[in-house]
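Now for the letters of each chain:
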Amino acid sequence: MEAKRDTFKSQFGTIMALSGMAIGLGNCWRFPYLCAKWGGGAFVLAYLVGLILIVVPLAILEVSVGKHMQAGLIDVYSAAYKKKAGKLLGGVASFCNWSQNIYYLSTVAALIFFAYACSTSIWKRGVPGEKMYASFQSNTFLYIGLFLVVLAVLLYTGLRGIAKGVEILSKYAIPLMMVLFVITFILLASTTPGIVEGLNYYLNPDFSQLKNPALWAAAIAQALFSIGVGPGILLVYGSHIKKNGEIPLTMLTICTMDTLAALLVGLTVIPACIAYGVDPQSGSTLVFLVLPQVFERIPCGNIIALLLFIGMVCAAFTSAVGNQEAVLTTYGDGFKWGRKKVVFIFGILNLVLGLTAMMNGKLMEFWQILSGDFTFLPSAALGGFTFAYIIGVRRTREESINPFTDYKLGRWFDRWVQIVAVPVMIFFMAYTFIGLF
Amino acid sequence: MQIGTIIMLGFIIVLAIAACVLVSESVKLAGKKDKEKEECDE
């Protein structure tokens, strides 16, 4: 007899677990930095258009396919193509997506260090963010020690299963983080001179940028990357939703929460960069460079810093759990391996590859580029193509979406996904992919 | 502050309200479905 699948316990838990998976470091640094780079409000506009017209329909489709088939990427691709091709495509796509965790965990370790540093005496000495980050990385014992702790907790969460691990953590951490970013922004805006220039830089639309196809490609790729559409994470989370679970409204809620989180982080980070003279294009370490300066200046900064970094630790951690869960379910279902066996194999891989990357900056950069762009774009395009054309939108809509929702989708949804959403997504994915070389 | 910035700030506030409404609506809908299922089971 087949083992009973671990499912989310409540609708609120489902929303928060999926939001926890979607809201992560991509929201904390990538969105604000891209927003500032591509003309502020113009990027937000392109992002929202891409989100509503392309990403939300594809997210609804992917989660519904997962809920209907109750299986990981290997099984779904095996059903769509031949079994060997399914194992190869699903296995490789899932592994590449998981490889984000190789560098993700060291960033979670850095966030833990900053939570401690910003709330204690290190912060009071007024050490600049970049020096704090460098001192953390040069302290091998602390750097590796925290990485090992994070990895151990991640593996333990993997063993406990998705409902007990992610659902409980996400229910509290995600709302906490969003509320704290609002409080931080209000305190920042009321105490920092020059914040208006920063807000104008971040939000005032430069509409001339909308003529640039590269802006649209960047906005749509960011929306897909942020929600996690394509490479199988949403599919796996969908497979843990109860058979009678509601999808359209749930996914619209999650996409709204994810966008709101990204905008709120940007509200705190980008204007502060301008006010304190930090380059907003500093990349993945931006939050580490600018937030200590913010907390140094606002009232009760050390307490807010502690809570906010804990919230960010949880948000980044739940995204790491999402990446891990995708391989656990995909390989567990696809090769009929027990959960403990898959956790052990990927735990060893994460340990070895993570430690070697931490010791070698170029290796770390390699994994970031590989999982962030080079493999995400083709695997997202393959996922969209398979779910829309091979498995079929109509069948999914009629069997997995409409019987369980008050917001029923008509035949227009099939046509929209097959004629507009997937072709446009594949076009922009190919455009961005070619631009990488 | 420029007009575009004010509009965008207003949009973020609207988005925050929309997120709260959507979460509450989604939870309410799930509760309604569970109640209907219980009634059917009985």
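Computed from a predicted structure; not experimentally measured.

(A) Layout of the overall build of chain B. The helix and strand inventory of chain B stands at one helix and zero strands. When its C-alpha atoms are laid out on the principal axes, chain B stretches across 60 × 10 × 5 Å. Of the accessible surface of chain B, which amounts to about 2,900 Å², a share of 66% is contributed by carbon and sulfur atoms. Counting 5 positive and 7 negative side-chain charges, chain B places the centres of these two groups 6 Å from one another.

(B) Seen up close, the overall build of chain A. What chain A contains, in helices and strands, is 20 helices and zero strands. For chain A, the C-alpha radius of gyration of 21 Å lies close to 22 Å, the compact-globule estimate for 437 residues. C-alpha extents for chain A along the principal axes are approximately 60 × 50 × 45 Å. Each of the 437 residues in chain A was classed as buried or not, and the buried ones make up 61%. Pairs at least 24 apart in sequence give 83% of the contacts found in chain A among residues at least 6 apart. Accessible surface for chain A amounts to roughly 16,200 Å². Of this, 68% is attributable to carbon and sulfur atoms. Looking at chain A, you have 31 positive and 20 negative side-chain charges, and the mean spots of the two groups are 7 Å apart.

(C) Summary view of the pattern of salt bridges. Residue and element names in this part refer to chain A. Overall, the coordinates contain five salt bridges over all chains when judged by the stated rule. With a shortest N-O distance of 3.9 Å, Arg395 and Glu399 are connected by a salt bridge. Separated by four residues within a single helix, Arg395 and Glu399 lie in helix 19 (residues 376-401), roughly one turn from each other. We classify Arg395 as partly exposed; its relative accessible area is 41%. Exposure remark for Glu399: the relative accessible area of 40% places this residue in the partly exposed category.

(D) Broad picture of the confidence of the model for chain B. For chain B, the average pLDDT comes to 83, and 93% of its residues sit at 70 or higher. Across the whole predicted complex the pTM is 0.88, and at the interface the ipTM reaches 0.87.

(E) Representation of the packing of aromatic side chains within the structure. Residues and elements named next belong to chain A. Evaluation of the coordinates by the stated rule reveals 22 aromatic pairs over all chains. Taken together, a centroid distance of 5.4 Å and an interplanar angle of 40° make the contact between Phe95 and Trp98 tilted. Taken together, the positions of Phe95 and Trp98, both in helix 5 (residues 83-98) and three residues apart, correspond to about one turn of that helix. Residue classification places Phe95 among the partly exposed residues on the basis of a relative accessible area of 25%. Exposure remark for Trp98: the relative accessible area of 1% places this residue in the buried category. By the ring-pair criterion, three or more aromatic residues cluster together here, those being Phe95, Trp98, Tyr331, Phe335, Trp337 and Phe346.

(F) Spotlight on the interface of chain B and chain A. With 22 residues of chain B at the interface, the matching set in chain A holds 29 residues. Interface of chain B and chain A: buried area, both sides summed, is about 2,200 Å²; carbon and sulfur atoms make up 77% of it. Looking at the side of chain B facing chain A, the largest losses of area belong to Met8, Ile12 and Leu22 of chain B, adding up to 23% of the total buried there. In this structure, the connection of chain B to chain A is made through zero salt bridges. Between chain B and chain A we count four residue pairs in polar contact (both at pLDDT 80 or more) in total. Residue composition of the side of chain B that touches chain A, by class: 14 nonpolar, four polar and four charged.

(G) Geometry of the side chain of Thr396 of chain A. Its place among the elements puts Thr396 of chain A in helix 19. Not counting chain neighbours up to four residues away, the residues in contact with Thr396 of chain A comprise Leu61, Ser64, Val65, Ile391 and Ile401 of chain A.

(H) Spatial organisation of the packing of helix 3 (residues 41-69) of chain A against helix 12 (residues 213-227) of chain A. Residues and elements named next belong to chain A. Here helix 3 crosses helix 12 at 50°, and the two axes come no closer than 8 Å. For the element pair helix 3 / helix 12, the angle class is oblique. Once helix 3 is placed against helix 12, the crossing between them reads as right-handed. Counting all contacts with helix 3, which are made through Ala42, Phe43, Ala46, Tyr47, Val49, Gly50, Leu51, Val55 and Ala59, the residues of helix 12 involved are Leu215, Trp216, Ala218, Ala219, Ile220, Gln222, Ala223, Leu224, Ser226 and Ile227.

(I) A look at the environment of Pro299 of chain A. All names here are of chain A. For Pro299, the position within the fold is in the loop between helix 15 (286-297) and helix 16 (301-335). Overall, Pro299 belongs to the partly exposed group, its relative accessible area being 42%. Linking Pro299 and Leu188, residues 111 residues apart in sequence, is a C-alpha distance of 9.0 Å.

Definitions and limits used
- Residues numbered from 1 in each chain as written.
- Chains lettered and ligands numbered in written order.
- Predicted model: local features only at pLDDT ≥ 70, side-chain atom pairs only at ≥ 80, totals over all residues.
- Heavy atoms only, no water.
- Helix = DSSP H or I, 4+ residues; strand = E, 2+ residues; numbered from the N terminus.
- Areas by Shrake-Rupley, 256 points an atom, 1.4 Å probe, with all protein chains shown as cover.
- Lys, Arg positive; Asp, Glu negative; His and termini not counted.
- Charge placed at Lys NZ, Arg CZ, Asp CG, Glu CD.
- Rg over C-alpha atoms; globule rule 2.2 N^0.38 Å.
- Buried < 20%, exposed > 50% of the residue type's maximum accessible area, 1.4 Å probe, protein only.
- Contact = heavy atoms within 4.5 Å.
- Salt bridge = Lys/Arg side-chain N within 4 Å of Asp/Glu carboxyl O.
- pLDDT = per-residue confidence, 0-100.
- Phe/Tyr/Trp six-rings, centres within 6.5 Å; stacked < 30°, edge-to-face > 60°.
- Buried area = accessible area lost by both parts, 1.4 Å probe.
- Polar contact = N/O pair within 3.5 Å; in protein donor to acceptor, adjacent residues only side chain to side chain.
- Nonpolar A, V, L, I, M, F, W, Y, C, P; charged D, E, K, R; others polar.
- Axes fitted to C-alpha atoms, helices over the stretch in contact; angles between N-to-C directions.
- Parallel < 35°, antiparallel > 145°, perpendicular 65-115°, else oblique.
- Left-handed = near helix turned anticlockwise from the far one by under 90°.

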